[in-house]
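Single-letter residue listing:
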Amino acid sequence: METTIRNASEISAFTGMNDQERGSITREYMVLEALTYLHFGLAIFGYVPLWTFCVAAFVYVPRWMIALHEAQHFYTPKTIPFLTKRNLLSLTPFQLGYREMRDIHMRHHAYAMSEKDPEYYHERGSWYAGYINAILSPELSVYFWIRDKGIDAELLKGMAIRFLVFTALVAGFGWQSLWYFIPVRLAYGTSLFLFSYGLHRRHEEEGTYRFAYPAVLRSVTVLLYGETLLHSVSHHDIHHDYPTIAGHKLTAARPFYVPKRSRTSGADLVAQSA
């Protein structure tokens, strides 16, 4: 018991982020959105080959997703910058914003791998069912949100803004917009599947797991996706027990980690969504 208490005290030193670290998250988030649209435009107008965007989408989107994930743990909907809050990387005509996605993620942490986990539908069943659900997650999450939470002015305003972005892409580029939507959507769904199903399933067993990268793959992952993603995947078990430890600090926190016998209560974590 003394060891557990001592280690818990030591690991708490890694929690939190300073203003500079928090700012870097939202800057990266917005830069990646801008890069995605810029690269697509350059490809459509012939300045770079279209295949370069199709490949680059599998770099931009996962990095955007890990920046969004980090923001969800260190910004409330009231403190997140305006553009980040709007979630302007278009995936589908109607999609959720930061407020809703953060609420879903907080409930995932509170009720992981249970019927109350709003992300459970793409973490259970066969791997191919999990992949299909991850691909369809932008639409399914809207359906589940409206079913469980209803519709309010904030949701309608955000969805209207995102619908205009989607409409602008389709109206501006016509069928060529598929060169945007197909690779971006596949990159999003595949990344979500690997993050959710891949880190919460070991064959038929459900839980919270970590992924051990071979040395060469570690270097490639850092080069393409940055250290935060590498640490977050490599130490996902710590992240679930201590969600206020920033991704880039998880490796340093590993020597002090003792799995919690009982997680923070669901009510406490969901309250953080306010």
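Read on for a plain summary of the structure.

The rules behind these values
- Residues numbered from 1 in each chain as written.
- Predicted model: local features only at pLDDT ≥ 70, side-chain atom pairs only at ≥ 80, totals over all residues.
- Heavy atoms only, no water.
- Phe/Tyr/Trp six-rings, centres within 6.5 Å; stacked < 30°, edge-to-face > 60°.
- Helix = DSSP H or I, 4+ residues; strand = E, 2+ residues; numbered from the N terminus.
- Buried < 20%, exposed > 50% of the residue type's maximum accessible area, 1.4 Å probe, protein only.
- Lys NZ or Arg CZ within 6 Å of the ring centre and 35° of its normal.
- Core = buried A, V, L, I, M, F, W, Y, C linked by side-chain atoms within 4.5 Å.
- Contact = heavy atoms within 4.5 Å.

Before going further, it helps to examine the packing of aromatic side chains. This structure, assessed with the given rule, holds 17 aromatic pairs. Ring centres of Phe14 and Phe256 lie 5.6 Å apart, and the angle between their planes is 35 degrees; this geometry places the pair in the tilted category. In this pair, Phe14 sits in the loop between helix H1 (2-11) and helix H2 (19-44) while Phe256 sits in the loop between helix H13 (250-253) and helix H14 (266-271), placing the two residues 242 residues apart along the sequence. Taking the relative accessible area as the measure of exposure, Phe14 reaches 18% and is therefore buried. Ring pairing ties together the aromatic residues Tyr37, Phe40, Phe45, Phe53, Phe166, Phe173, Tyr180 and Phe181, which thus form one cluster. Positioned over the ring face of Tyr75 is Arg22, at 4.3 Å from the centre of the ring.

The biggest cluster of nonpolar side chains holds 42 residues, and the ones touching the most others in it are Val61, Trp64, Leu96, Tyr180, Val184 and Tyr188. Counting residues per element, the ones that place at least two in this core are H2, helix H3 (50-74), helix H5 (98-110), helix H7 (137-149), helix H8 (153-173) and helix H9 (178-200). If one sorts the elements of this core by residue count, H3 sits on top with 11 residues. Not counting chain neighbours up to four residues away, the residues in contact with Leu96 comprise Asn87, Met101, Ile104, Ser141, Val142, Trp145, Leu155 and Arg162. Residues Phe14, Ile245, Ala253 and Tyr257 belong to the second largest nonpolar core, which totals 8 residues.

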